[in-house]
Amino acid sequence: MRLVRENSDARRVRTAAAAAVGVLALTVLTTGCKVETVGTAEPTTTATKPGASPTDDAKPGGGQASPSATPSRTPSARPSPEPRTLMSTGDRSKRVKELQARLRQIGHFDRSPTGYYGTTTAASVRSFQGKRGLPRTGRTDTVTWERLLAMTRKPTAKELDPPTSRPAAKPDARCMTGRVLCISKNSRTLSWMIDGRVVSSMDVRFGSQYTPTREGTFSVYWKSRHHVSTLYDSPMPYAMFFSGGQAVHYSSDFAARGYSGASHGCVNVRDEGRIAALYAQVRKGDKVVIYW
């Protein structure tokens, strides 16, 4: 009986020990899984900067990128926009007149501003562009205009509308009485005079040696605002005829080319605003004197 009880106690001890060993083994196994999980996560944690998202390597400054990816993250320089053309050949405006006055201030335009962008103005712009290292296009673009503005001052009213590009000649004695278009071939100017007083003056151009402008005393016998030459099929706006087919009139060619051209005998005026005002004042019968 005693032996049986001892054996029973021994079994209980062995059973308890086995249970303890099982609990310990289970604890070790469980703890080992937990450590293994943490261990596999560490490389990911150390390779990623704090706060970085999984897509940070595709963003500028985000994550750690391979050297080959660096160029794609560098913003490419944007090309400068092409200068915008503001004025060019054929334009007619007050802004063109300001351009001409500003070019004249610095010696690139040698005549009175007309407001018409012709070949002479284009050549003056090319001259200015060449001196400043700009492309010699002859067109006034944003870069050319800004450079010109920086080098010049705002033109005065007299600079924008000078009476003539050169001093008017002393009036001929025949111009001192009455209403007279007093025209000097020597100074290449026309003075509109009333009773010896100069009302306005303007530049004029004459015929070539093959089609000379007649000299002498005449009178206006016909006015034609929108006249077109029947002989040369060319426009003659604000025409005031004084001798046969010869007239004082506006010439866009004179405005564009200056004295490099000539008329077919007429007296050309290049300032459209001035001759428009003159046309409104002159009457049929008013005297015309043309002299050297």
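One can find the structure itself at the top, above this paragraph.
This structure is a prediction, so every number in the text was calculated from the model and none was measured. (Residues numbered from 1 in each chain as written. Predicted model: local features only at pLDDT ≥ 70, side-chain atom pairs only at ≥ 80, totals over all residues. Heavy atoms only, no water.)

### Quick look at the state of the cysteines
As used in these notes, a disulfide is a covalent bond between sulfur atoms, one from each of two cysteines.
Phase 1 of the analysis: Overall, the coordinates contain one disulfide when judged by the stated rule.
Phase 2 of the analysis: Here Cys175 connects covalently by a disulfide to Cys182, the sulfurs 2.1 Å from one another. Looking down the S-S bond of the Cys175 and Cys182 bridge, the torsion is 85°, so its handedness is right-handed.
Phase 3 of the analysis: On the basis of relative accessible area, Cys175 is assigned to the buried category, the value being 0%. (Disulfide = S-S within 2.5 Å. Buried < 20%, exposed > 50% of the residue type's maximum accessible area, 1.4 Å probe, protein only.)

### Considerations on helix 3 (residues 94-105)
The periodicity of an α-helix, 3.6 residues per turn, causes residues three or four positions apart to be oriented the same way.
Phase 1 of the analysis: Look at helix 3: 17 Å from first C-alpha to last across twelve residues, which is about the 16 Å you get at 1.5 Å a residue.
Phase 2 of the analysis: Listed as buried for helix 3 are Val96, Lys97, Leu99, Gln100, Ala101, Arg102 and Leu103.
Phase 3 of the analysis: Of the surrounding secondary structure, the elements contacted by the buried residues of helix 3 are strand 1 (85-87), helix 4 (119-131), strand 2 (140-141), helix 5 (142-151) and helix 6 (157-160).
Phase 4 of the analysis: Measuring from the backbone nitrogen of Arg95 back to the side-chain oxygen at the start of helix 3 gives 3.4 Å, which picks out Ser93 as the cap.
Phase 5 of the analysis: Directly beyond the C-terminal end of helix 3, a positive phi value near 80° is found at Gly107. (Helix = DSSP H or I, 4+ residues; strand = E, 2+ residues; numbered from the N terminus. Expected span 1.5 Å × (residues − 1). Contact = heavy atoms within 4.5 Å. Polar contact = N/O pair within 3.5 Å; in protein donor to acceptor, adjacent residues only side chain to side chain.)

### Remarks on unusual backbone geometry
For residues other than glycine, phi is negative in most cases, and the peptide bonds are mostly trans.
Phase 1 of the analysis: For Arg188, which is not glycine, the phi dihedral falls at a positive 55°.
Phase 2 of the analysis: By the element assignment, Arg188 lies in the loop between strand 3 (179-184) and strand 4 (189-194).
Phase 3 of the analysis: At Tyr238, a position not held by glycine, the phi torsion is positive, near 55°.
Phase 4 of the analysis: Among the secondary structure elements, Tyr238 is positioned in strand 8 (residues 235-243).
Phase 5 of the analysis: With relative accessibility at 9%, the residue Tyr238 sits in the buried group.

### Regarding the side chain of Asp286
Phase 1 of the analysis: Here Asp286 is to be found in the loop between helix 8 (272-281) and strand 11 (287-291).
Phase 2 of the analysis: Only 3.1 Å separates the side chain of Asp286 from the side chain of Arg179, close enough to count as a polar contact.
Phase 3 of the analysis: Side-chain polar atoms of Asp286 contact the backbone nitrogen of Arg283, separated by 2.7 Å.
Phase 4 of the analysis: Discounting residues that sit within four places of it in the chain, Asp286 has contacts with Arg179, Trp192, Phe218, Ser219, Val220 and Gln281.

### Remarks on the pairing of strand 3
Phase 1 of the analysis: Within strand 3, five of the six residues are buried, which leaves it mostly tucked inside the rest of the structure.
Phase 2 of the analysis: In this sheet, strand 4 lies alongside strand 3 in antiparallel orientation, the contact comprising six bridges. Within strand 4, the residue paired with Ser184 across the bridge is Thr189.
Phase 3 of the analysis: Where strand 3 folds back onto strand 4 in an antiparallel hairpin, the turn is made up of four residues, including Arg188, whose phi is positive at roughly 55°.
Phase 4 of the analysis: Where strand 3 lies against strand 11, five bridges are found, and the strand directions are parallel. Residue pairing across strands places Ser184 opposite Tyr291, the latter belonging to strand 11. (Pairing = 2+ DSSP bridges.)

### Points about the packing of aromatic side chains
Phase 1 of the analysis: Under the definition given, this model contains five aromatic pairs.
Phase 2 of the analysis: Judged by centre distance (6.3 Å) and plane angle (50°), the rings of Tyr221 and Phe241 are tilted. One end of the pair, Tyr221, is in the loop between strand 6 (216-219) and strand 7 (222-228); the other, Phe241, is in strand 8, with 20 residues separating them in the sequence.
Phase 3 of the analysis: The exposure class of Phe241 is buried, given its relative accessible area of 4%.
Phase 4 of the analysis: Geometrically, the ring pair formed by Trp222 and Phe241 is stacked, given 4.9 Å between the ring centres and 20° between the ring planes. (Phe/Tyr/Trp six-rings, centres within 6.5 Å; stacked < 30°, edge-to-face > 60°.)

### What about the pattern of salt bridges?
Phase 1 of the analysis: Applying the stated criterion across every chain, the model contains eleven salt bridges.
Phase 2 of the analysis: When the shortest N-O distance is used, the salt bridge between Lys185 and Glu215 registers 3.2 Å. Of this pair, Lys185 sits in the loop between strand 3 and strand 4 while Glu215 sits in the loop between strand 5 (197-205) and strand 6, placing them 30 residues apart in sequence.
Phase 3 of the analysis: What makes Lys185 buried here is its relative accessible area of 11%.
Phase 4 of the analysis: Looking at Glu215, the relative accessible area reads 43%, which means it is partly exposed.
Phase 5 of the analysis: Here Asp253 and Arg205 are joined by a salt bridge, their closest N and O atoms 3.1 Å apart. Of this pair, Asp253 sits in helix 7 (residues 252-257) while Arg205 sits in strand 5, and the two are 48 residues apart along the sequence. (Salt bridge = Lys/Arg side-chain N within 4 Å of Asp/Glu carboxyl O.)

By themselves, these observations are geometric and do not establish any function.
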